[in-house]
Amino acid sequence: MTPTARVLIAKPGLDGHDRGAKLVARGLRDAGFEVVFTGIRRRVDDIAATAVQEDVALVGLSILSGAHLTLTRRTVQALRAAGGEDIPVVVGGTIPAGDVDRLYEAGAAAVFPTGTALPDVVAGIRALTQGETCASE
């Protein structure tokens, strides 16, 4: 049996809406992942420290605030500074189509805009935690 991957779902910045993040966390848990959920309004440095401390295979950011480019870039940088440069970061939430490529340039391993079906999110995260390339939007 394949070991269960541990993933971190985080809500960086001032965004207080966590329904989508909780839905994804629950879907991942139901799919066999071990999920660490940070809660809302977390600092990027705290997310990175938690990811390294919890030895996660992936960090998922849920961002609805419009600050997705800055928060993604800062999270990737914070992970590098904390020794977690090998931990992929995925981003979900209110992501305009024109920003998807910019998120990849900022260091995102996958992007899941609002409306992405939960099975597609799970499949993408499973691929990344198994060392494969994710085919997200």
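Data block above holds the structure.
So, a few notes on the structure that sits alongside this text.

**Overview of unusual backbone geometry**
Point 1. The phi dihedral of R41 falls on the positive side, at around 55 degrees, and the residue is not glycine.
Point 2. With respect to the helices and strands, the residue R41 is situated in the loop between β2 (34-37) and α2 (44-53).

**Things to note about the nonpolar core**
Point 1. In terms of nonpolar packing, the biggest core is built from 24 residues, with L8, A51, V59, L61, L79 and L103 touching the most fellow members.
Point 2. Where this core is concerned, the elements lending two or more residues are β1 (6-10), α2, β3 (58-63), α3 (68-81), β4 (89-93) and α4 (100-105).
Point 3. In terms of residue count, α3 provides more of this core than any other element does, five residues in total.
Point 4. Beyond its immediate chain neighbours, meaning those up to four positions away, L103 contacts H68, L69, T72, V91, I95, A108 and V111.
Point 5. Core analysis: the next-biggest nonpolar cluster, separate from the first, contains 15 residues, V7, L28, L58 and V121 among them.

**Some thoughts on the layout of surface pockets**
Point 1. Quantified by volume, the largest pocket comes out at close to 370 Å³.
Point 2. For the largest pocket, the lining is made up of 22 residues, of which G20, V24, G92, G93 and F112 are closest to its centre.
Point 3. Of all the elements in the fold, those that place two or more residues in the lining of the largest pocket are α1 (19-30), β3, β4, β5 (110-113) and α5 (118-129).
Point 4. In terms of residue class, the lining of the largest pocket is made up of 13 nonpolar, nine polar and no charged.

Thresholds, definitions, all that
- Residues numbered from 1 in each chain as written.
- Predicted model: local features only at pLDDT ≥ 70, side-chain atom pairs only at ≥ 80, totals over all residues.
- Heavy atoms only, no water.
- Helix = DSSP H or I, 4+ residues; strand = E, 2+ residues; numbered from the N terminus.
- Core = buried A, V, L, I, M, F, W, Y, C linked by side-chain atoms within 4.5 Å.
- Buried < 20%, exposed > 50% of the residue type's maximum accessible area, 1.4 Å probe, protein only.
- Contact = heavy atoms within 4.5 Å.
- 1 Å grid on protein atoms, 1.4 Å probe; cavity = no way out; pocket = protein on both sides within 12 Å on 5 of 7 lines; lining within 4 Å.
- Points joined across faces, edges and corners; volume = space filled by probe spheres on them.
- Nonpolar A, V, L, I, M, F, W, Y, C, P; charged D, E, K, R; others polar.

Note that all results are geometric; they support no functional claim without further evidence.
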